[in-house]
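A structural walkthrough
What follows is the residue order along each chain.
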Amino acid sequence: GKAYLATANELRDRLPAGKILIGNALRARTPNKNGYLEHLEYLDGSYLEGWGHKRNLAPSLDLMSAALKQGRIVMLNGAPRNMNKRKYNRMRNLDDRYDYLGKPE
């Protein structure tokens, strides 16, 4: 709504020249019929969570296509399916995390 727009515009004004503004704007499953594409009027792009779930895949692909046609950035949230999240979260060393992500159990 209006508060989200005001916050985004304030962030945009504070960003150094050449920086991009990405939000978690696009949603495949929402009462909003267009998946909140209107947010891309003031955002440079959006990341999508849960896009790969069976019920979200087709509407997410439609949103991605629409966003890309507008010249916006699309970023996908994802993780290996066979990852032991408990083991990963216990790792404090970033190198260990990178090694594990390259070869999850």
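Residues numbered from 1 in each chain as written. Predicted model: local features only at pLDDT ≥ 70, side-chain atom pairs only at ≥ 80, totals over all residues. Heavy atoms only, no water.

**Focus on the overall build of the protein**
Each helix and strand in the protein was counted, giving 4 helices and 3 strands. Starting at the N terminus, the α and β elements of the protein follow one another as α-β-β-α-β-α-α. By the compact-globule yardstick of 13 Å for 105 residues, the protein is too spread out, its C-alpha radius of gyration being 17 Å. The principal-axis extents of the C-alpha atoms in the protein amount to approximately 45 × 35 × 25 Å. Out of the 105 residues belonging to the protein, those deemed buried represent 24%. Considering only intrachain contacts with a sequence separation of at least 6, the fraction spanning at least 24 residues in the protein is 47%. Between the centroid of the 19 positive side chains of the protein and the centroid of its 11 negative side chains there is a distance of 7 Å. (Helix = DSSP H or I, 4+ residues; strand = E, 2+ residues; numbered from the N terminus. Rg over C-alpha atoms; globule rule 2.2 N^0.38 Å. Buried < 20%, exposed > 50% of the residue type's maximum accessible area, 1.4 Å probe, protein only. Contact = heavy atoms within 4.5 Å. Lys, Arg positive; Asp, Glu negative; His and termini not counted. Charge placed at Lys NZ, Arg CZ, Asp CG, Glu CD.)

**Some details on the sheet that holds strand β3 (residues 73-76)**
Spatial ordering of the open sheet is given by β1-β2-β3, a layout of 3 strands whose pairing is parallel. Of all the strands in the sheet, just β1 (22-23) and β3 have a single pairing partner and so form its edges. The pairing of strand β2 (residues 45-48) with β3 spans 4 bridges and is parallel. Paired with S46 across the strands is V74, a residue of β3. (Pairing = 2+ DSSP bridges.)

**Structural notes on the nonpolar core**
One finds A8, L21, A25, L26, L37, L40, Y42, L43, L48, L63, M64 and A67 forming the largest nonpolar core, which totals 12 residues. For this core, the element with the most residues is helix α2 (residues 54-69), which contributes 3 residues. Ignoring sequence-local partners within four residues, the contact set of L21 consists of A8, L11, R12, L15, Y42, L43, D44 and G45. (Core = buried A, V, L, I, M, F, W, Y, C linked by side-chain atoms within 4.5 Å.)

**Comments concerning the packing of aromatic side chains**
Under the criterion given, the structure shown has 0 aromatic pairs. One cation-aromatic arrangement involves R97 over Y88; the distance from NZ or CZ to the ring centre is 4.5 Å. (Phe/Tyr/Trp six-rings, centres within 6.5 Å; stacked < 30°, edge-to-face > 60°. Lys NZ or Arg CZ within 6 Å of the ring centre and 35° of its normal.)

**A word on the pattern of salt bridges**
Overall, the coordinates contain 2 salt bridges when judged by the stated rule. Between R14 and E10 there is a salt bridge, with its nearest N and O atoms 2.7 Å apart. Residue R14 and its partner E10 are located together in helix α1 (residues 2-14), separated by 4 residues, close to a single helical turn. When the shortest N-O distance is used, the salt bridge between R12 and D44 registers 3.0 Å. In this pair, R12 sits in helix α1 while D44 sits in the loop between β1 and β2, placing the two residues 32 residues apart along the sequence. Judged by its relative accessible area of 28%, R12 falls in the partly exposed class. (Salt bridge = Lys/Arg side-chain N within 4 Å of Asp/Glu carboxyl O.)

**Quick word on a nonpolar patch on the surface**
On the surface, a nonpolar cluster with roughly 330 Å² of combined accessible area is contributed by I20, Y47, I73 and M75. Relative to the elements of secondary structure, I73 occurs in strand β3. (Patch = residues over 30% accessible without salt bridge, like charges linked within 9 Å, V, L, I, M, F, W, Y side chains within 5 Å. Areas by Shrake-Rupley, 256 points an atom, 1.4 Å probe, with all protein chains shown as cover.)

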